[in-house]
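Descriptive analysis of the structure
Read off the chains here:
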Amino acid sequence: MMKGKHIVLGISGGIAAYKAAMLLRLLIKKGAEVQVVITPNGKEFITPATLAALSGKPVVSEFFAANTGEWHSHVDLGLWADLMIIAPATASTIGKMANGIADNMLITTYLSAKEQVMVAPAMDLDMWAHPSTQRNVETLRRDGVIIVEPQAGFLASGLTGKGRMEEPEAIAEAAEEYFRNLEETSSKKMDMIGKRIVISAGPTYESIDPVRFIGNYSSGKMGFALANECKQRGAEVTVVAGPVDKNLTLIDGIKRIDVISAHEMLSAMENEFDESDVAVMAAAVADYRPVEVAESKIKRENRDEITLRLVKNPDIAAALGKRKENRKLIGFALETDHEFENALSKMQRKNLDMIVLNSLRDKGAGMMTDTNKITIFTSDGTDRTFPLKSKKDVAADIADAISGLLGR
Ligand code: C5P
């Protein structure tokens, strides 16, 4: 996967610098060509001679080579790199990157890098937790840098925190995944260029009191997979996310709006739909919410039973269906019985152009799984049932169908 890829490995001065040698070896083993750039401090922790031997290239550190006076061009390095990995990245290096303080070759190379940059922070746990570091990391994230989160450990206070650099294997894997995604994107059909798609995903939570809610087990996996798929096909994608699984990620460039309740989701979806060509309601919206939300935590007291009064939530899909004009609207149906009839009547009632049915009778389909088995119905009377697939592959089938709708 990394054969012939050009990687600039930036090493700054942390105790984890010795792990950079292992990372370098792994990258070379996977077929990459690696050029090391080291900060003056980095050299205190690992010798350039070791790194030069492993990479087969002289290590770059100074703007001028001491013996020949030859100018090392960070611009050339920045252009050469298909990926720049900074591991370990100290608090100081992260701070300089975030603020453009270009006082060494590593930072100037970073500022000249044209392709993706990936950072593996390594520092004392308290330094990582400091608001200053967190602010700088956030800046890097916003600038499009991939952060390989450090590992957990114990703080001086005994509490757990993060800071230890991720293992070389995991960093190399993150690099491979980056190249894999890139390749996937470039091999995708670009059939959604110029289309704007808004996708809702995950559950909604309806507050009972300040600490409790009514929710459901939806993870948001299907909606996120679909969002990534549409983005890879060239669409402009917005995700309206309920409280989804924290580990789910969206490809860079997808707009994300976080909401909690059905009401919040309704207003976000209505706003976005007006600016979109397609809306996909992949969220598992809570059907009911408590009539009143208690202002303070409901006490247990001596009651053996309590009654919660619930009121119906707005049907978001139906609300969008009423205002859709020439836009397209897609819904999901999760059914346990009379699957086809229910799906079809929902499509009609909510004025959808397409509905994706998951039957809970099928093993591996529906919520909380990595797989799904679907049937796609369209309003012109066609239906197509697909075999059990990963949610990623299911997303591609749904995207094909959406693309078909848009082509009409
Ligand atoms: O009626 P049912 O909940 O089965 O319909 C499912 C479809 O309707 C899904 O696309 C879901 O996102 C959407 N829905 C909604 N608002 C609700 C309930 C469901 O948009 N309150």
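Residues numbered from 1 in each chain as written. Predicted model: local features only at pLDDT ≥ 70, side-chain atom pairs only at ≥ 80, totals over all residues. Heavy atoms only, no water.

**Details of the overall build of the protein chain**
Note the threshold: Numbered from the N terminus, helices here are DSSP runs of H or I no shorter than four residues, and strands are runs of E no shorter than two. Any residue under 20% of the maximum accessible area for its type is buried, any over 50% is exposed, and the rest in between are partly exposed; the area is computed with a 1.4 Å probe on protein chains only. Working rule for contacts: check all heavy atoms of both residues, and any pair within 4.5 Å makes them a contact. For the area figures, the Shrake-Rupley method with a 1.4 Å probe applies, and any residue is considered shielded solely by the protein chains shown.
Of the regular secondary structure elements, the protein chain holds 13 helices and 21 strands. Dimensions of the protein chain, computed from C-alpha atoms along their principal axes, come out at roughly 80 × 60 × 35 Å. Scored against the burial criterion, the 408 residues of the protein chain give a buried share of 48%. The contacts of the protein chain with a sequence gap of at least 6 include a subset with a gap of at least 24, amounting to 67%. When the accessible surface of the protein chain is summed, it comes to about 20400 Å², and 51% of that surface belongs to carbon and sulfur atoms.

**Side note on the sheet that holds strand 19 (residues 374–378)**
Selection criterion: Note: two strands are recorded as paired if DSSP finds a minimum of 2 bridges between them. Helix axes use the C-alpha atoms of the stretch in contact, all axes being lines fitted to C-alpha atoms, and the angles between their N-to-C directions lie in the range 0 to 180 degrees.
Taken together, the eight strands give an open sheet; going across it, the order is 12-11-8-13-16-17-19-20, and neighbouring strands pair in mixed fashion. Among the strands making up the open sheet, the edge pair consists of strand 12 (255–258) and strand 20 (383–385). Strand-to-strand, the axes of this sheet are offset by a mean angle of 15°, without reference to chain direction. Pairing analysis gives four bridges linking strand 11 (residues 236–241) to strand 12, with the strands arranged parallel. Looking across to strand 12, one finds that Ala 241 is bridged to Asp 258. Contacts from helix 12 (residues 339–349) reach strand 16 (328–335), strand 17 (354–359), strand 19 and strand 20 within the one sheet, and its direction differs from that of strand 17 by about 150°.

**Re the layout of surface pockets**
Basically, it comes down to this: Only protein atoms enter the 1 Å grid, on which a cavity is a set of points fitting a 1.4 Å probe that cannot get out and a pocket is an open set with protein on both sides within 12 Å along at least 5 of 7 lines, lining residues being those with an atom within 4 Å of a point. Grid points are joined across faces, edges and corners, and a volume is the space filled by probe spheres set on the points. Note on residue categories: nonpolar means Ala, Val, Leu, Ile, Met, Phe, Trp, Tyr, Cys or Pro, charged means Asp, Glu, Lys or Arg, and polar means any other residue, Gly included.
Estimated volume of the largest pocket: approximately 1700 Å³. Glu 177, Asn 181, Thr 249, Leu 250 and Ile 251 are, among the 38 residues lining the largest pocket, the residues nearest its centre. Here the lining of the largest pocket gets eight residues from one element, more than from any other, and that element is helix 8 (residues 168–187). Here the lining of the largest pocket is built from residues that sort into 15 nonpolar, ten polar and 13 charged. Taken as a whole, the second largest pocket encloses approximately 920 Å³ of empty space.

**Examining the sheet that holds strand 4 (residues 116–121)**
Strand order in the open sheet formed by five strands is 2-1-3-4-5, and the pairing between neighbours is parallel. Of all the strands in the sheet, the pair left with one neighbour each is strand 2 (33–38) and strand 5 (146–147). Here strand 4 runs beside strand 5; their pairing, made up of two bridges, is parallel. Pairing of Met 118 across the sheet is with Ile 146, part of strand 5.

**Quick look at the site of the ligand**
The test is simple: Nearness is judged by heavy atoms alone; a residue qualifies as near a molecule or strand once a single heavy atom is within 4 Å of it. Any pair of N or O atoms that falls within 3.5 Å is considered a polar contact. Within protein, one atom must be able to donate a hydrogen and the other to accept it, and sequence-neighbouring residues count only if both atoms are side-chain atoms.
Surveying the vicinity of the ligand reveals the residues Met 281, Ala 283, Val 285, Pro 314, Asp 315, Ile 316, Ala 317, Gly 331, Phe 332, Lys 346 and Lys 350. Between the ligand and the protein, one listed contact pairs an oxygen atom with a backbone N or O atom of Ala 283 at 2.7 Å. A distance of 3.0 Å separates a nitrogen atom of the ligand from a polar backbone atom of Ile 316. Coverage of the ligand by the protein chains reaches 86% of its 450 Å² of free accessible surface. Of the residues that constitute the shell around the ligand, the class distribution is seven nonpolar, one polar and three charged.

**Considering the pairing of strand 17**
This is how it is decided: The handedness rule is simple: strands pointing away from the viewer, and a clockwise path from the first strand over the helix to the second, make the crossover right-handed.
Of all six residues that make up strand 17, six are buried, and the element is covered over most of its length. Where strand 16 and strand 17 come together, six bridges link them in parallel fashion. Bridge pairing in strand 17 places Ile 330 opposite Met 354. Following the backbone out of strand 16, through helix 12 and into the adjacent parallel strand 17, one traces a crossover that is right-handed. Relative to strand 19, strand 17 is paired through five bridges, and the arrangement is antiparallel. Bridge pairing in strand 19 places Leu 357 opposite Thr 375.

**Let's talk about the pattern of salt bridges**
Condition: Salt bridge, as used here: a side-chain nitrogen of Lys or Arg that lies within 4 Å of a carboxyl oxygen of Asp or Glu.
If you walk through the whole model with that rule in mind, you get 27 salt bridges. For Glu 33, the salt bridge identified is with Lys 57, shortest N-O distance 3.0 Å. Highlighted residues: Glu 33 in strand 2 and Lys 57 in the loop between helix 2 (48–55) and helix 3 (74–80), separated in sequence by 24 residues. Looking at Glu 33, the relative accessible area reads 33%, which means it is partly exposed. Put simply, Asp 274 and Arg 327 hold a salt bridge, and the shortest N to O gap is 3.7 Å. Here Asp 274 is found in helix 10 (residues 262–274), whereas its partner Arg 327 is found in the loop between helix 11 (316–322) and strand 16, with 53 residues between them in sequence. For Asp 274, a relative accessible area of 35% translates into the label partly exposed. Residue Arg 327 is classed as buried on the basis of its relative accessible area of 13%. Counted as one network, the salt bridges with shared partners bring together Lys 188, Lys 189, Asp 191, Glu 229, Arg 233 and Asp 400.

**Description of the side chain of Asn 313**
Examined against the element boundaries, Asn 313 turns out to sit in the loop between strand 15 (310–312) and helix 11. There is a polar contact of 2.9 Å between the side chain of Asn 313 and the side chain of Arg 289. Ignoring sequence-local partners within four residues, the contact set of Asn 313 consists of Glu 206, Ala 262, His 263, Ala 286, Asp 287, Tyr 288 and Arg 289.

**Here's the deal with unusual backbone geometry**
In this model, Ala 87 is joined to Pro 88 through a cis peptide bond whose omega is -5°. Assignment of secondary structure puts Pro 88 in strand 3 (residues 83–89). Located in the positive-phi region is His 338, a residue other than glycine, with phi close to 40°. Relative to the helices and strands, His 338 resides in the loop between strand 16 and helix 12.

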